[in-house]
Amino acid sequence: MPSLSRLACAFAVGALACGARASLDGAAATGDAGTDASFPVGTYTQCAFGTVSSGPFLIPSGFDDGATMTITQDGDTRTATFVDGSNRTATWTFAPTTSVSATLAPSAQSSIGFGSSVCVYGVGVSNESFFPTKFDAISGALTYQSGAVFATLDGELTSHADCGDVSAPASVWVGCTGGPAPVVTAPASASPFPIGEYTCTSQIGTHAMLDGKNWFITSGNGGVLTLTQTGTHVTANYIGDTELAGTLDLTLDTATTGNADASQTLTARCELAPTTGELPITAASLTAEGGTVFLSFAGTMSASSACPGAEKIAALVCSKK
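Residues numbered from 1 in each chain as written. Predicted model: local features only at pLDDT ≥ 70, side-chain atom pairs only at ≥ 80, totals over all residues. Heavy atoms only, no water.

Q: Can you break down the state of the cysteines residue by residue, with the values?
A: As enumerated under the stated definition, the model contains four disulfides in all. The disulfide bridge from Cys-200 ends at Cys-318, spanning 2.1 Å between sulfur atoms. Residues Cys-200 and Cys-318 are joined by a disulfide whose S-S torsion is about 105°; by sign, that bridge is right-handed. Here Cys-200, found in strand β16 (residues 196–210), pairs with Cys-318, found in strand β25 (residues 311–320); they are 118 residues apart in sequence, far enough to count as distant. Here Cys-270 pairs with Cys-307 through a disulfide, and the sulfurs are 2.0 Å apart. Of note, the bridge from Cys-270 to Cys-307 carries an S-S torsion of about -75° and is left-handed in sense. Pair noted here: Cys-270 is in the loop between β22 (265–269) and β23 (276–289) and Cys-307 is in the loop between β24 (292–300) and β25, with a separation of 37 residues, a long-range link. Each member of the pair Cys-270 and Cys-307 is classed as buried. Numbered by order of appearance in the sequence, the disulfide-linked cysteines of the protein chain pair as 1-4, 2-3, 5-8, 6-7. (Disulfide = S-S within 2.5 Å. Helix = DSSP H or I, 4+ residues; strand = E, 2+ residues; numbered from the N terminus. Buried < 20%, exposed > 50% of the residue type's maximum accessible area, 1.4 Å probe, protein only.)

Printed below as a string of structure tokens:
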């Protein structure tokens, strides 16, 4: 189950704790250009998600135990169906742009929102009521790499509540691993990516085994992402975040999407401890949606770290400074 936004909490059967925390398999085969049917379909079984919004919402993020993302194909359409741990379903459709990327189509789609709006009638939880949200996606992308799929969406979060209707711009991401893992790549693109300096919110989901128990830990903070481009390559340097730091090199396949190059690491904070360690990246995606840039990634903490084997799925959700 994901923890609530702005909390660094962990849940395990029989235990609850709050604290902090979160090798690219070289995809070296060839893929076809354009709308290639090789964009992998199937079910991805380890998922984390998050929403970034300035509105008056109570928003969860992090690993969601039992959640899945299923990618299906119908002609030139890819459908991403996310089923969370409570069996709520969100569905988006995409048109492939390469064998490893797709764009939201049609360009406006509605789904459930992750989180609630809150009406407060007095002091104490007994005087609060919670109302569901709806997310209207205006733009979005779906990307694949090394058995992982990332959906990134930009739009508006709304809720019809007893104390008044509320709405605010919002950015949603879902990252899932444990899926089909064909070796699929796409031709590199030298199209200009929106480079520059960005202010980011980090949302990090961690799954770890501690004392024989499954722990699901949500953490996050904020930092600065600097993007530079040389030809088909974008370098993403992230600093200023107590949870995460480092540099990733990515290769573009369109003007708005790219995947990480092989054998890279970030520095991430371990779960329930102030120590940091090496996080080899198994998959990472860079996408631009309107004025928002997402850097999504998955990896497992190295054997030399203080939290060996801890799985992390996370995203940086960034806006131009």
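Alright, that's what it looks like, and here's the rest.
Q: Go over the packing of aromatic side chains, please, and point to the residues and values.
A: The tally for this structure, following the rule as stated, stands at four aromatic pairs. Between Phe-63 and Phe-216, the aromatic rings sit 6.3 Å apart at their centres with planes inclined by 50°, giving tilted as the arrangement. Residue Phe-63 is located in strand β7 (residues 60–63), and its partner Phe-216 is located in strand β17 (residues 213–219); the two are separated by 153 residues in the primary sequence. For Phe-63, a relative accessible area of 2% gives the class buried. Classification of Phe-216 as buried rests on a relative accessible area of 7%. Taken together, a centroid distance of 5.7 Å and an interplanar angle of 80° make the contact between Phe-82 and Phe-114 edge-to-face. Of the two residues, Phe-82 sits in strand β9 (residues 77–83) while Phe-114 sits in strand β12 (residues 109–120), which places them 32 residues apart along the sequence. Accessibility assignment for this pair places Phe-82 and Phe-114 in one class, buried. In textbook terms, an aromatic cluster arises when at least three aromatic residues are bridged by ring pairs, as seen for Phe-49, Phe-82 and Phe-114. (Phe/Tyr/Trp six-rings, centres within 6.5 Å; stacked < 30°, edge-to-face > 60°.)

Q: Outline the environment of Thr-230, listing residues and values.
A: For Thr-230, the location among the structural elements is in strand β18 (residues 222–230). Residue class for Thr-230 comes out exposed when judged on its relative accessible area of 63%. Between the C-alpha atom of Thr-230 and that of Pro-192, which follows or precedes it by 38 residues, the distance is 9.3 Å.

Q: I'd like a rundown of empty space enclosed by the protein, residues and numbers included.
A: Put simply, the largest cavity is a space of about 50 Å³. Forming the walls of the largest cavity are Ala-236, Tyr-238, Leu-244, Gly-246, Thr-247, Leu-248, Leu-266, Leu-295, Phe-297 and Leu-316. The element best represented in the lining of the largest cavity is strand β20 (residues 244–252), accounting for four residues. (1 Å grid on protein atoms, 1.4 Å probe; cavity = no way out; pocket = protein on both sides within 12 Å on 5 of 7 lines; lining within 4 Å. Points joined across faces, edges and corners; volume = space filled by probe spheres on them.)

Q: Mind laying out the environment of Phe-297, listing which residues take part and the relevant values?
A: Its place among the elements puts Phe-297 in strand β24. The exposure class assigned to Phe-297 is buried, which follows from its relative accessible area of 1%. In sequence terms Phe-297 and Phe-150 are 147 residues apart; their C-alpha atoms lie 8.3 Å from each other. Sequence-distant contacts of Phe-297, defined by excluding residues within four places in its chain, comprise Phe-150, Leu-244, Leu-266, Leu-279, Ile-281, Ala-283, Ala-284, Lys-312, Ile-313 and Ala-314. (Contact = heavy atoms within 4.5 Å.)

Q: Can you break down the side chain of Asp-154 residue by residue, with the values?
A: Following the sequence through the fold, Asp-154 ends up in strand β14 (residues 148–161). Among buried Asp, Glu, Lys and Arg side chains, Asp-154 stands out as unpaired, with Lys-320 the closest opposite charge at 14 Å. A distance of 3.0 Å separates the side chain of Asp-154 from the side chain of Thr-292, its partner in a polar contact. Beyond its immediate stretch of four places on either side in the chain, Asp-154 contacts Phe-135, Asp-136, Ala-137, Ile-138, Ser-139, Ala-170, Ser-171, Glu-289, Thr-292 and Phe-294. (Lys, Arg positive; Asp, Glu negative; His and termini not counted. Salt bridge = Lys/Arg side-chain N within 4 Å of Asp/Glu carboxyl O. Polar contact = N/O pair within 3.5 Å; in protein donor to acceptor, adjacent residues only side chain to side chain.)

Q: Break down the pairing of β14 for me, citing the residues and quoting the values.
A: Most of β14 is tucked away: 12 of the 14 residues are buried. Two elements, strand β13 (residues 128–145) and β14, share 11 bridges in a ladder whose sense is antiparallel. Bridge pairing in β14 places Lys-134 opposite Thr-158. Here β13 hands over to β14 after two residues, with Ser-146 in that stretch at a positive phi of 50°. Bridge analysis of β14 against strand β15 (residues 164–177) gives 13 bridges, and the strand direction is antiparallel. Each bridged residue has a counterpart across the sheet, and for Phe-150 the counterpart in β15 is Gly-175. (Pairing = 2+ DSSP bridges.)

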